[in-house]
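Structural overview for review
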Amino acid sequence: MAEQATEGPKQPASGRGETRKSSCLQEESEALEKNGHDAKRLKVDQEEQNKRHPKRKVVLLMAYSGKGYHGMQRNVGSSQYKTIEDELVEALVQSGCIPENHAEDMKKMSFQRCARTDKGVSAAGQVVSLKVWLIDNIMEKINSHLPSNIRILGLKRVTGRFNSKNSCDARTYSYTLPTFAFAHKDHELQEESFRLGQETLEKVNELLALYKGTHNFHNFTSQKGPWDPSAKRYIMEMHCEPPFLQGGLELAVIKVKGQSFMMHQIRKMIGLVIAVVKGYAPPSIMQRSWGEGKVDIPKAPGLGLVLERVHFEKYNRRFGNDGLHESLDWAEEEEHIEAFKKAHIYPTIIQTELEEKSMAGWIATLSIHDYDATSQEQNVVNHKVEAAAQSDDGGDSD
């Protein structure tokens, strides 16, 4: 008896092809569905994250030693020069305070800094504003991803429209320098053994006090002519504090408070006073420096410059006591600020000065500057050309 067939009739080749095609389409559909589910799940996770930790506008109080960094401001897409903000943004992402895509486009977190400190410049009271997820132990987590020479010392909630740069009324900087910078070029020691006398300190303060008020500081920066309105800056206070010994070096601290400063302005203000005290330039150069003529002003080294604090008087008056927001005065953080300066800023200034002799080397160049006025008419022409050819955003840099 014939063996009973156990298989059905064979499908034609085209039928098998249709089956494979159908299978592929089903796999693609499943893959698309899976990807859709993944995207939807990510979106749901993101929404859940926002519900658990809604984004809120805050300010961070920062302290950092600027040595080894190319200033504060980040240049997205450029890894050639490391900045303070590169470190900060990376720490914000790693700690879970902001989504990763905010690191590539900082506008998404409404990021703004009070001042764009230059290469090598440190800060004890920098303030940045941004929107973050208010996760638990947020400051501790951010600091765990930062190097020890960059710290978040305070965090406060602010209004949704707060902008740390535009809301800032004034900035206070300090400039720490070895006191031998004030030794007269002809009569006194030009080295670490020099000690600053009371008479010289008073002379320094008399000169620094001349800067107070509104002056035309076009000679104290680049790319600005005497008729540029943004060259006029208001200085509220400037003085030199009594000297102190640290690390075997006598130091003095110059404090200056102003509404805002242009690039290199503070370093040139101090450089000119040093040139006068040392006897390289006449005292009359101070008044002449904010006139229309071009004046050759030496620029002191950037090593000792520190952003001490930023001021928000108007904001504090309006929102500091409204019951919802805190006053931005940082009195409670003062102890931590001083501790950071003693641990990271002052030692860096002293060690670098002793090893690299930045101030001593700069002092040696003071004699090559031309402190005498040149042709007033030619200077006016030169400034007109500069003003027409150059532009500047007028932002803070020092």
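Residues numbered from 1 in each chain as written. Predicted model: local features only at pLDDT ≥ 70, side-chain atom pairs only at ≥ 80, totals over all residues. Heavy atoms only, no water.

Under the annotation held in an unreviewed UniProt entry, the chain carries the name Pseudouridylate synthase 1 homolog and is attributed to Eleutherodactylus coqui. Quoted verbatim from the Sequence similarities (unreviewed entry) field of the UniProt record, the comment on the chain reads "Belongs to the tRNA pseudouridine synthase TruA family." As stated in UniProt under Subcellular location (unreviewed entry), the record for the chain gives "Nucleus". (UniProt positions renumbered as here; feature names shortened; annotations may be inferred.)

Looking only at helices and strands, the chain has 11 helices and 10 strands in total. In the chain, which comprises 398 residues, the share counted as buried stands at 46%. Across the chain, every contact between residues at least 6 apart in sequence was considered, and the portion connecting residues at least 24 apart equals 76%. (Helix = DSSP H or I, 4+ residues; strand = E, 2+ residues; numbered from the N terminus. Buried < 20%, exposed > 50% of the residue type's maximum accessible area, 1.4 Å probe, protein only. Contact = heavy atoms within 4.5 Å.)

Comment: phi is negative for the bulk of residues other than glycine, and the bulk of peptide bonds are trans. Its identity as a non-glycine residue notwithstanding, His264 has a phi of 70°, on the positive side. Looking at the secondary structure, you find His264 in the loop between β9 (249-258) and α6 (265-277). Even without a glycine there, the phi angle at Lys357 is positive, about 55°. Take Lys357: it is sitting in the loop between α9 (334-356) and α10 (358-363). Lys357 gets classed as partly exposed once you look at its relative accessible area, which sits at 36%.

This part is about the UniProt feature "active site" (unreviewed entry) in the chain. What UniProt calls "active site" (unreviewed entry) maps, in this numbering, to Asp118. Among the structural elements, Asp118 can be located in the loop between β2 (112-113) and β3 (122-133). Given a relative accessible area of 12%, Asp118 falls into the buried group.

Let us now look at the pattern of salt bridges. A full pass over the atoms with the stated rule returns 13 salt bridges. With a closest N to O distance of 2.9 Å, Glu334 and Arg309 form a salt bridge. Of the two residues, Glu334 sits in helix α9 while Arg309 sits in strand β10 (residues 305-311), which places them 25 residues apart along the sequence. Salt bridges sharing partners connect three or more residues here, namely Glu308, Glu338 and Lys341. (Salt bridge = Lys/Arg side-chain N within 4 Å of Asp/Glu carboxyl O.)

With respect to the helices and strands, the residue Asn143 is situated in helix α4 (residues 138-144). A relative accessible area of 13% places Asn143 in the buried class. At 2.8 Å, the side chain of Asn143 and the backbone nitrogen of Ile152 are in polar contact. Look past the residues within four positions of Asn143 in its chain and what remains in contact with it is Ile150, Arg151 and Ile152. (Polar contact = N/O pair within 3.5 Å; in protein donor to acceptor, adjacent residues only side chain to side chain.)

Count 3.6 residues to each turn of an α-helix, and residues three or four apart come out pointing the same way. Taking 1.5 Å of rise per residue, the 13 residues of α6 would be expected to cover 18 Å, and the 19 Å separating its terminal C-alpha atoms lies within 8% of that figure. With respect to burial, α6 is a largely interior element, 13 of its 13 residues being buried. Positive phi shows up at Gly279, right after α6, with a value of about 95°. (Expected span 1.5 Å × (residues − 1).)

Of note, Thr179 is situated in the loop between β5 (170-178) and α5 (198-209). When its relative accessible area of 0% is taken as the criterion, Thr179 is described as buried. Each C-alpha atom, one on Thr179 and one on Ala252, is 6.0 Å from the other, the two residues being 73 residues apart in sequence. Sequence-distant contacts of Thr179, that is, excluding residues within four places in its chain, are made with Phe194, Leu196, Pro243, Glu250, Leu251 and Ala252.

Across the interface, α5 lies against α6 with an axial gap of 10 Å and an inter-helix angle of 135°. The angle between α5 and α6 places the two elements in the oblique class. Every pair of crossing elements has a handedness; the one defined by α5 and α6 is right-handed. Contact with α5, carried on its side by Thr200, Lys203, Val204, Leu207 and Leu208, involves Val273, Val276 and Val277 of α6 and no other residues of that element. A per-class count over the contact of α5 with α6 returns 6 nonpolar, 1 polar and 1 charged. (Axes fitted to C-alpha atoms, helices over the stretch in contact; angles between N-to-C directions. Parallel < 35°, antiparallel > 145°, perpendicular 65-115°, else oblique. Left-handed = near helix turned anticlockwise from the far one by under 90°. Nonpolar A, V, L, I, M, F, W, Y, C, P; charged D, E, K, R; others polar.)

Applying the stated criterion across every chain, the model contains 0 disulfides. For Cys114, which is in no disulfide, the shortest distance to another cysteine sulfur is to Cys168 and amounts to 4.3 Å. (Disulfide = S-S within 2.5 Å.)

A few words now on the environment of Met62. Structurally, the position occupied by Met62 is in strand β1 (residues 55-64). Separated by 66 residues in the primary sequence, Met62 and Val128 place their C-alpha atoms 7.7 Å from one another. Each residue touching Met62, except ones within four places of it in the same chain, is listed here: Met72, Ile84, Leu88, Ala123, Ala124, Gly125, Gln126, Val128, Ile150, Arg151 and Ile152.

Moving on: the packing of aromatic side chains. Inspection of the entire model under this criterion finds 10 aromatic pairs. Ring centres of Phe162 and Tyr315 lie 4.9 Å apart, and the angle between their planes is 75°; on these two criteria the pair is classed as edge-to-face. On the criterion of sequence distance, the pair formed by Phe162 in the loop between β4 (150-157) and β5 and Tyr315 in helix α8 (residues 313-319) is long-range, its members being 153 residues apart. For Phe162, a relative accessible area of 3% puts it in the buried group. With relative accessibility at 6%, the residue Tyr315 sits in the buried group. With 6.3 Å between their ring centres and 65° between their planes, Phe217 and Trp290 make a pair best called edge-to-face. Taken as a pair, Phe217 in the loop between β6 (213-216) and β7 (232-240) and Trp290 in the loop between α7 (285-289) and β10 lie far apart in primary sequence, 73 residues in all. Within the aromatic cluster, the residues linked to one another by ring pairs are Phe162, Phe312, Tyr315 and Phe319. Residue placement shows Lys156 over the ring face of Trp330; its charged tip is 4.6 Å from the ring centre. Over the face of the ring belonging to Tyr280 we find Lys185, whose NZ or CZ atom lies 5.7 Å from the ring centre. (Phe/Tyr/Trp six-rings, centres within 6.5 Å; stacked < 30°, edge-to-face > 60°. Lys NZ or Arg CZ within 6 Å of the ring centre and 35° of its normal.)

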